[in-house]
Amino acid sequence: SAVISQKPSRDICQRGTSLTIQCQVDSQVTMMFWYRQQPGQSLTLIATANQGSEATYESGFVIDKFPISRPNLTFSTLTVSNMSPEDSSIYLCSVLAGAGNEQFFGPGTRLTVL
Amino acid sequence: ILNVEQSPQSLHVQEGDSTNFTCSFPSSNFYALHWYRWETAKSPEALFVMTLNGDEKKKGRISATLNTKEGYSYLYIKGSQPEDSATYLCAFDPWGGGSQGNLIFGKGTKLSVKP
């Protein structure tokens, strides 16, 4: 298994500003993922972050809006840039770990944009 | 577009009641079906990973079944307790092994158990 922490746990931000969310894992993992859940919607994958390479973004998500860093095998950051109220969501990071390649999730960052 | 549907959206039961929810997914290109339990302000917790048609898995009072031919899975909770209150998510993995990471989630069923 993997234990994942995220910072901040929640934040309230003004429109037009940016927020960087940190994700820390207690073991080295190759693949890390960033998801978001907008109110009333499903968890949706934003991007896959591999150490040493550019993040791979899913359809509808772009690097300019959601830049990601992956400086080592235990840490990643997601920045939500130039925020608007539509960015109000829960953002989760997850990792693949264990023999069965299960996904383990962080506790999420609840973002409200005014 | 691959779609995962969960029903009901929310459920309110009394302590001691047994309950079940449904997850529907595309019946083609199936690899695995995941169930997660997500309490507010906590990490989603993996309950089951199901891969074989006809699979039935059990963890304490919670069990799940899988029908890949018709594209549905049921999650059952026997004798619900207040601590079972959470959102239950199912996630469909059509690509194999979870190695791509791109699970397709339903919107979840929010369960509230009243003492």
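Overview of the structure. Since the structure is predicted, the reported quantities are computational estimates derived from the model, not experimental observations.

1. Comments concerning the state of the cysteines
Next up, step 1: Applying the stated rule across the entire model yields two disulfides over all chains.
Next up, step 2: Across the disulfide from Cys-23 of chain A sits Cys-93 of chain A; the S-S distance is 2.0 Å. Between Cys-23 of chain A and Cys-93 of chain A the disulfide shows an S-S torsion of about 75°. By sign, it is right-handed. You can see Cys-23 of chain A sitting in strand β3 (residues 19–25) and its partner Cys-93 of chain A sitting in strand β9 (residues 89–97), a full 70 residues away along the chain.
Next up, step 3: Accessibility expressed as a relative area gives 0% for Cys-93 of chain A, which makes it buried.
Next up, step 4: At a sulfur-sulfur separation of 2.0 Å, the disulfide partner of Cys-23 of chain B is Cys-90 of chain B. Disulfide Cys-23 of chain B-Cys-90 of chain B: torsion about the S-S bond near 75°, hence right-handed. One end of the pair, Cys-23 of chain B, is in strand β3 (residues 19–24); the other, Cys-90 of chain B, is in strand β9 (residues 86–93), and 67 residues separate them in sequence.
Next up, step 5: Look at Cys-23 of chain B and you get buried, because its relative accessible area is 0%.

2. Focus on the layout of surface pockets
Next up, step 1: Reported here for the largest pocket is a volume of approximately 760 Å³.
Next up, step 2: Forming the boundary of the largest pocket are 29 residues, of which Gln-37, Ile-90 and Arg-110 of chain A together with Trp-38 and Thr-87 of chain B lie nearest the centre.
Next up, step 3: For the lining of the largest pocket, the elements supplying multiple residues, two or more each, are β9 and β11 (109–113) of chain A together with β9 and β11 (109–114) of chain B.
Next up, step 4: When residues in the lining of the largest pocket are grouped by element, the largest group, four residues, is from β11 of chain A.
Next up, step 5: Each residue belonging to the lining of the largest pocket can be placed in one class, and the counts come to eight nonpolar, 15 polar and six charged.
Next up, step 6: Estimates place the volume of the second largest pocket at around 640 Å³.
Next up, step 7: Of all the secondary structure elements, the ones that give two or more residues to the lining of the second largest pocket are β5 (44–50) of chain A together with β1 (5–7) and β10 (104–105) of chain B.

3. Topic: the sheet that holds strand β8 (residues 75–80) of chain A
Residue and element names in this part refer to chain A.
Next up, step 1: With antiparallel pairing, the four strands of this open sheet are ordered in space as β1-β3-β8-β7. Of all strands in the sheet, those with a lone pairing partner are β1 (4–7) and β7 (68–72), marking the two edges. On average, adjacent strands in this sheet sit at an angle of 15° to one another, irrespective of strand direction.
Next up, step 2: With four bridges connecting them, β1 and β3 associate as antiparallel partners. Bridge pairing in β3 links Lys-7 to Gln-22.

4. Side note on the nonpolar core
Next up, step 1: Counting 28 residues, the largest nonpolar core has Ile-46 and Val-95 of chain A as the members making the most contacts within it.
Next up, step 2: Of all the secondary-structure elements, those providing two or more residues to this core are β3, β4 (31–37), β5, β8, β9 and β11 of chain A.
Next up, step 3: The contact partners of Val-95 of chain A, leaving out residues within four places of it in the chain, are Ala-2, Ile-4, Val-25, Val-29, Met-31, Met-32, Phe-33, Glu-102, Gln-103 and Phe-104 of chain A.
Next up, step 4: If you look at the next biggest cluster of nonpolar residues, it comprises 23 residues, including Val-4, Leu-66, Ile-77 and Phe-92 of chain B.

5. Observations regarding the pairing of β4 of chain A
All names here are of chain A.
Next up, step 1: Among the seven residues of β4, seven are classified as buried, and the element is accordingly described as predominantly covered.
Next up, step 2: Residue alternation in β4 divides its side chains into two sets, Met-31, Phe-33, Tyr-35 and Gln-37 and Met-32, Trp-34 and Arg-36, and both sets are buried.
Next up, step 3: The pairing of β4 with β5 spans six bridges and is antiparallel. Note on β5: the bridge partner recorded for Met-32 is Ala-49.
Next up, step 4: Where β4 folds back on β5, the antiparallel hairpin that results is connected by six residues, among which Gly-40 adopts a positive phi of roughly 75°.
Next up, step 5: Across six bridges, β4 lies against β9 in antiparallel orientation.

Parameters at a glance
Residues numbered from 1 in each chain as written. Chains lettered and ligands numbered in written order. Predicted model: local features only at pLDDT ≥ 70, side-chain atom pairs only at ≥ 80, totals over all residues. Heavy atoms only, no water. Disulfide = S-S within 2.5 Å. Helix = DSSP H or I, 4+ residues; strand = E, 2+ residues; numbered from the N terminus. Buried < 20%, exposed > 50% of the residue type's maximum accessible area, 1.4 Å probe, protein only. 1 Å grid on protein atoms, 1.4 Å probe; cavity = no way out; pocket = protein on both sides within 12 Å on 5 of 7 lines; lining within 4 Å. Points joined across faces, edges and corners; volume = space filled by probe spheres on them. Nonpolar A, V, L, I, M, F, W, Y, C, P; charged D, E, K, R; others polar. Pairing = 2+ DSSP bridges. Axes fitted to C-alpha atoms, helices over the stretch in contact; angles between N-to-C directions. Core = buried A, V, L, I, M, F, W, Y, C linked by side-chain atoms within 4.5 Å. Contact = heavy atoms within 4.5 Å.

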